[in-house]
Amino acid sequence: MRNFVIRLLVNALALSAAAWLIDGIQVTGGYGDILLIALVFGFLNAVLKPILIFFSLPFILVTLGLFAFVVNGALLLITASLTDHLSVAGLGSAILGSMVVSLVTLFMGRVLQEEGKG
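The following refers to the structure shown. (Residues numbered from 1 in each chain as written. Predicted model: local features only at pLDDT ≥ 70, side-chain atom pairs only at ≥ 80, totals over all residues. Heavy atoms only, no water.)

Further remarks concern the overall build of the chain. When its secondary structure is counted, the chain shows six helices and two strands. Traced from its N-terminal end to its C-terminal end, the chain shows the element sequence α-β-α-α-α-α-β-α. Taking 118 residues into account, the globule formula puts the C-alpha radius of gyration at 13 Å, and the chain, at 14 Å, falls close to it. For the chain, the spread of C-alpha atoms along the principal axes amounts to about 40 × 35 × 25 Å. For the chain, with 118 residues in total, the buried portion stands at 33%. Considering only intrachain contacts with a sequence separation of at least 6, the fraction spanning at least 24 residues in the chain is 68%. Entry remark: accessible area of the chain is about 7,400 Å², with carbon and sulfur atoms responsible for 72%. The chain carries 5 positive and 5 negative side-chain charges, and their two centres are separated by 16 Å. (Helix = DSSP H or I, 4+ residues; strand = E, 2+ residues; numbered from the N terminus. Rg over C-alpha atoms; globule rule 2.2 N^0.38 Å. Buried < 20%, exposed > 50% of the residue type's maximum accessible area, 1.4 Å probe, protein only. Contact = heavy atoms within 4.5 Å. Areas by Shrake-Rupley, 256 points an atom, 1.4 Å probe, with all protein chains shown as cover. Lys, Arg positive; Asp, Glu negative; His and termini not counted. Charge placed at Lys NZ, Arg CZ, Asp CG, Glu CD.)

To continue, consider the packing of aromatic side chains. Per the stated rule, a full pass over the model turns up two aromatic pairs. Summarising the aromatic geometry, the rings of F54 and F55 are spaced 5.2 Å apart at their centres and angled 75° between planes, so their arrangement reads as edge-to-face. Exposure remark for F54: the relative accessible area of 57% places this residue in the exposed category. With centroids separated by 5.3 Å and ring planes inclined at 35°, the aromatic side chains of F59 and F67 adopt a geometry described as tilted. For F59, a relative accessible area of 51% gives the class exposed. (Phe/Tyr/Trp six-rings, centres within 6.5 Å; stacked < 30°, edge-to-face > 60°.)

This part takes up the nonpolar core. Among the nonpolar cores identified, the biggest contains 26 residues, and L15, I25, L76, L86 and V88 are the most heavily contacted of them. Looking at this core, the elements with two or more residues in it are α1 (2-21), α2 (31-47), α5 (67-82), β2 (86-88) and α6 (91-117). For this core, the element with the most residues is α1, which contributes eight residues. (Core = buried A, V, L, I, M, F, W, Y, C linked by side-chain atoms within 4.5 Å.)

Now for the packing of α2 against α5. At a minimum axis distance of 10 Å, the contact between α2 and α5 shows a crossing angle of 135°. Judged by the angle between their axes, α2 and α5 are oblique. Between α2 and α5 lies a crossing whose hand is right-handed. Counting all contacts with α2, which are made through I37, V40, F41, L44 and N45, the residues of α5 involved are N72, L75, L76, I78, T79 and L82. (Axes fitted to C-alpha atoms, helices over the stretch in contact; angles between N-to-C directions. Parallel < 35°, antiparallel > 145°, perpendicular 65-115°, else oblique. Left-handed = near helix turned anticlockwise from the far one by under 90°.)

What follows covers a nonpolar patch on the surface. A cluster of nonpolar residues, M1, F4, V5, L9, L35, L36 and L39, forms a patch on the protein surface that exposes about 670 Å² of accessible area. Breaking the nonpolar patch down by element, the ones donating at least two residues are α1 and α2. If you trace the backbone, V5 turns up in helix α1. Exposure remark for V5: the relative accessible area of 35% places this residue in the partly exposed category. (Patch = residues over 30% accessible without salt bridge, like charges linked within 9 Å, V, L, I, M, F, W, Y side chains within 5 Å. Salt bridge = Lys/Arg side-chain N within 4 Å of Asp/Glu carboxyl O.)

With respect to the helices, strands and loops of the structure, S98 is situated in helix α6. Exposure remark for S98: the relative accessible area of 4% places this residue in the buried category. A distance of 2.7 Å separates the side chain of S98 from the backbone oxygen of I95, its partner in a polar contact. Ignoring any residue separated from it by four or fewer positions in sequence, one finds S98 in contact with F69, N72, G73 and L76. (Polar contact = N/O pair within 3.5 Å; in protein donor to acceptor, adjacent residues only side chain to side chain.)

Written out as structure tokens, the structure is:
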């Protein structure tokens, strides 16, 4: 349960950072709405992402993994279509947003991993 809450908070932080840094991404509402967006995004990452990665594997291999950002961008667009408090201007903004989300998630994962060791 604790792991789930930490992942939810990291996703919320990463999505907020993407909205703050990328002009084409907007998050409206309060903290509860951001947590709801993070919950939907996390659910899609857990359920839909493995399927999309499997079917796009040839593209991912040819582009040396860069196509994975397109998959993540598509998941961000799907999240925006499912929630009222997230809007993404287009695929370009979604791909840039997915890069920000990936970097923030990676950074926070490393920080939390270091704290767990100490």
